[in-house]
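Residues per chain are reported as follows:
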Amino acid sequence: MSINIQEIRSQFPVLTREVNGKPLVYLDNGATSQKPKFVLDVLDEYYEKYNANVHRGIHTLSQEATDKMEEARRKVQQFINAKNDYEVIFTRGTTEGINLISNVLREVLTAEDEIIITEIEHHSNIVPWQILCQRTGAKLKYIPLTKEGVLDIDQLDNLLTDKTKLVCVNQVSNALGVVNPIETIIEKAHQKGAWVLIDAAQSAPHTKVDVQAMDCDFLVFSGHKMYGPTGIGVLYGKEDILNSLPPFHGGGEMIKDVSMEVSTYACLPFKFEAGTPDIAGIIGLGAAVDFINSIGIETIHNYEKELVDYTIQRLSEFEEVEIYAKDAEHSGAVSFNLKLDGVHSSDVGMILDKKGIAVRTGHHCAQPIMQHFNIPGTVRASFAVYNTKEEVDIFIEGLKTAIRMLG
Ligand SMILES: *Cc1c(COP(=O)(O)O)cnc(C)c1O
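Just so you know, these numbers come straight off a predicted model, no measurement behind them. (Residues numbered from 1 in each chain as written. Predicted model: local features only at pLDDT ≥ 70, side-chain atom pairs only at ≥ 80, totals over all residues. Heavy atoms only, no water.)

K.L.:
Any chance you could break down the overall build of the protein for me, citing the residues and the numbers?
P.N.:
Secondary structure summary: the protein contains 14 helices and 17 strands in total. Viewed in the frame of its principal axes, the protein has a C-alpha envelope of about 70 × 55 × 35 Å. Looking at the protein as a whole, 57% of its 407 residues are labelled buried. For the protein, the proportion of contacts with a sequence separation of at least 24, taken over those separated by at least 6, is 71%. Separation of charge centres in the protein, based on 38 positive and 56 negative side chains, amounts to 3 Å. (Helix = DSSP H or I, 4+ residues; strand = E, 2+ residues; numbered from the N terminus. Buried < 20%, exposed > 50% of the residue type's maximum accessible area, 1.4 Å probe, protein only. Contact = heavy atoms within 4.5 Å. Lys, Arg positive; Asp, Glu negative; His and termini not counted. Charge placed at Lys NZ, Arg CZ, Asp CG, Glu CD.)

The structure is reproduced here in structure tokens:
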């Protein structure tokens, strides 16, 4: 499929603005993507035309809101190829999805159990597991990084034991943009009878995510990094596993019957969706899926790969630039530093901002990776489908200025 970038760009109102007198070059999509007008209109339409609480009312507005929300659930189901729509649980985002699982596992894990994470995780796929292990006495282990900055997957065989209950890993690293070998991890973990949780926050916007082909047990991602609203995300879980777990929050919507002594819980997905959900956010996320489908995730993937490859190629022209995990497969982002004495990533970020170029600098909520490289942070350029090669060129020109000013 061919791609008309100018047409796509015209759907994003914010891309017409200027920053510091220069056209905005937005390369901070790994933190959050911009939103197309279509998604913004769907949010307005909900509040303007059929705002009502869901699943409770028999009146027309409530029915319409419920129908739209459940339609969004089916859109997400198809987007990740889940077997059933009720395996899609709406959360506030990746962080909440991981915390949901880590909290309900408090009643399931014991001091005999082990969890494996990796050195390339976002803090939100580290800290909840540390808390869970502190509470249960379970042991937390991790797959280390190689010197180059990719997972040392050969270590996995030694780390996996009959005690391993869960392995948690991101599909694509937010800090380095590196693609992780999740197929191998899932296969080996399953051989030991462990569950696998995939953090797809950085893959869902860029790559076809197929939970059945992957055969992961849980998968989490955020709406706001894939052209959807903030505050909405998804936890996918296999039906029988979700059914076997205790509930997370208690409240309305998640129960079947309540007496003053005991309650029985609603079936999936409502068992894990206590309280009034972010109805607008859910419908907006459905619209974001429509937006992605209107281009095609494969087309997006291929186009963004060109952008990332081009960026790595252009960055390689500078002897002052060190690209992290340079030779590894990248998706959506590139991380680097200037090898200049006393220069911090934020110095580069500030000079680029003066030129209207938005990149992220710092530790990217992944301090263990920074400790691995013995650096305080990196500069990260991260992409969305509306970015262009011309923007990469502007970014590279900005970087030349930064090297001149800081060198
Ligand atoms: C952004 C991100 C998270 C956290 O997502 P939130 O939307 O902030 O909850 C977790 N993991 C990865 C890989 C991310 O990129």
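K.L.:
Break down the pattern of salt bridges for me, citing the residues and quoting the values.
P.N.:
It is possible for side chains of opposite charge to pair when their charged atoms get near one another. Per the counting criterion, the structure on display carries 19 salt bridges. A salt bridge links Lys165 to Asp113, with the nearest nitrogen and oxygen atoms 2.8 Å apart. With Lys165 in strand β7 (residues 164-170) and Asp113 in the loop between α4 (94-104) and β5 (114-118), the pair connects residues that are 52 residues apart, well separated along the chain. Looking at Lys165, the relative accessible area reads 34%, which means it is partly exposed. What makes Asp113 buried here is its relative accessible area of 8%. One salt bridge connects Asp215 with Lys238, and the closest N-O pair in it is separated by 2.9 Å. Of this pair, Asp215 sits in the loop between α8 (211-214) and β9 (218-222) while Lys238 sits in the loop between β10 (233-237) and α9 (239-244), placing them 23 residues apart in sequence. Look at Asp215 and you get partly exposed, because its relative accessible area is 34%. (Salt bridge = Lys/Arg side-chain N within 4 Å of Asp/Glu carboxyl O.)

K.L.:
Requested: an account of the packing of helix α11 (residues 297-315) against helix α14 (residues 389-406), with residues and values cited.
P.N.:
Where α11 contacts α14, the two axes come as close as 10 Å, and the packing angle between them is 25°. With respect to α14, the element α11 is oriented roughly parallel. In this structure, the crossing between α11 and α14 has a hand that is right-handed. Listed contacts from α14 to Tyr303, Glu306, Leu307, Tyr310, Thr311, Arg314 and Leu315 of α11 are Lys389, Val392, Asp393, Phe395, Ile396, Leu399 and Lys400. Partitioned by chemical class, the residues of the contact of α11 with α14 number eight nonpolar, one polar and five charged. (Axes fitted to C-alpha atoms, helices over the stretch in contact; angles between N-to-C directions. Parallel < 35°, antiparallel > 145°, perpendicular 65-115°, else oblique. Left-handed = near helix turned anticlockwise from the far one by under 90°. Nonpolar A, V, L, I, M, F, W, Y, C, P; charged D, E, K, R; others polar.)

K.L.:
Residues and numbers for the site of the ligand, please.
P.N.:
Taken together, Thr94, Thr95, His122, Ser124, Asn174, Asp199, Ala201, Gln202, Ser222, His224 and Lys225 form the complete shell of residues around the ligand. Within the side chain of Gln202, a nitrogen or oxygen atom sits 2.6 Å from an oxygen atom of the ligand. One nitrogen or oxygen atom from the side chain of Ser222 is found 2.6 Å from an oxygen atom belonging to the ligand. Grouping the amino acids of the shell around the ligand by side-chain chemistry returns one nonpolar, eight polar and two charged. (Near = heavy atom within 4 Å. Polar contact = N/O pair within 3.5 Å; in protein donor to acceptor, adjacent residues only side chain to side chain.)

K.L.:
Run through the confidence of the model for the protein, naming residues and quoting values.
P.N.:
Averaged over the protein, the pLDDT score is 97; the fraction of residues at 70 or greater is 100%. By mean pLDDT, the top-scoring element of the protein is β9 (99), and the lowest-scoring one is strand β11 (residues 255-258) (90). (pLDDT = per-residue confidence, 0-100.)

K.L.:
Account for the side chain of His364, with residues named and values stated.
P.N.:
Relative to the assigned elements, His364 resides in the loop between β16 (360-362) and α13 (367-373). If we skip the residues at most four places from it in the chain, His364 touches His122, Asn174, Ala175, Ser335, Met370, Thr378 and Arg380.

K.L.:
Tell me about the domain arrangement of the protein, residues and numbers included.
P.N.:
Assigned domains of the protein: these are domain 1 (5-30 + 296-406) and domain 2 (40-294). For domain 1 versus domain 2, the distance between C-alpha centres works out to 28 Å. Residue-level contacts link 39 residues of domain 1 with 33 residues of domain 2. Roughly 2700 Å² is buried in total at the junction of domain 1 and domain 2, and carbon and sulfur atoms are behind 60% of that figure. Our count for the domain 1 to domain 2 interface comes out at zero salt bridges. (Domains from an automatic or database assignment. Buried area = accessible area lost by both parts, 1.4 Å probe.)

K.L.:
If you had to explain helix α10 (residues 279-295) to someone new, which residues and values would you point to?
P.N.:
Taking 1.5 Å of rise per residue, the 17 residues of α10 would be expected to cover 24 Å, and the 25 Å separating its terminal C-alpha atoms lies within 8% of that figure. Along α10, 14 of the 17 residues are buried, which leaves the element largely enclosed by surrounding structure. Downstream of α10 by one or two residues, Gly296 has phi in the positive range, about 105°. (Expected span 1.5 Å × (residues − 1).)

K.L.:
So, the sheet that holds strand β14 (residues 333-338): which residues are in play, and what are the values?
P.N.:
Taking strand neighbours across the sheet as the criterion, the four strands line up as β13-β14-β17-β16 in an open arrangement whose pairing is antiparallel. Of all strands in the sheet, those bounded by a partner on one side alone are β13 (321-323) and β16. Strand after strand, the sheet turns through a mean of 30° between neighbouring axes, direction not considered. Two elements, β16 and strand β17 (residues 378-382), share three bridges in a ladder whose sense is antiparallel. Residue pairing for β17: Thr361 is matched across the bridge by Val379. Sheet strands touched by α14: β13, β14 and β17. Its angle to β14, the strand with the most contacts, is close to 20°. (Pairing = 2+ DSSP bridges.)

K.L.:
Outline the UniProt feature "coiled-coil region" (unreviewed entry) in the protein, supporting the account with residue identities and numerical values.
P.N.:
Cross-referencing UniProt, the feature "coiled-coil region" (unreviewed entry) maps to residues 62-89 in the present numbering. The span residues 62-89 carries 68% helix and 7% strand; its end-to-end C-alpha distance comes to 20 Å. (UniProt positions renumbered as here; feature names shortened; annotations may be inferred.)

K.L.:
Describe the side chain of Lys225, and please don't skip the residues or the numbers.
P.N.:
Mapped onto the elements of the fold, Lys225 is located in the loop between β9 and β10. No salt bridge is formed by the buried Lys225, whose closest oppositely charged neighbour, Asp199, lies at an N-O distance of 6.9 Å. Residues in contact with Lys225, not counting those within four places in the same chain, are Gly30, Ala31, Thr32, Ser33, Ala201, Gln202 and Pro205.

K.L.:
Could you give an account of the packing of aromatic side chains, naming the residues involved and the relevant values?
P.N.:
If you walk through the whole model with that rule in mind, you get 11 aromatic pairs. With centroids separated by 5.9 Å and ring planes inclined at 65°, the aromatic side chains of Phe12 and Tyr227 adopt a geometry described as edge-to-face. Placement of the pair is Phe12 in the loop between α1 (5-9) and β1 (18-19) and Tyr227 in the loop between β9 and β10, with a sequence separation of 215 residues. By relative accessible area, which is 1% here, Tyr227 ends up buried. Between Tyr324 and Phe373, the aromatic rings sit 4.7 Å apart at their centres with planes inclined by 50°, giving tilted as the arrangement. Of this pair, Tyr324 sits in the loop between β13 and β14 while Phe373 sits in helix α13; the two residues are 49 residues apart in sequence, bridging distant segments of the chain. Accessibility expressed as a relative area gives 3% for Tyr324, which makes it buried. Exposure remark for Phe373: the relative accessible area of 19% places this residue in the buried category. Grouping aromatic residues by their ring pairs yields a cluster made of Phe12, Tyr227, Phe291 and Tyr386. (Phe/Tyr/Trp six-rings, centres within 6.5 Å; stacked < 30°, edge-to-face > 60°.)

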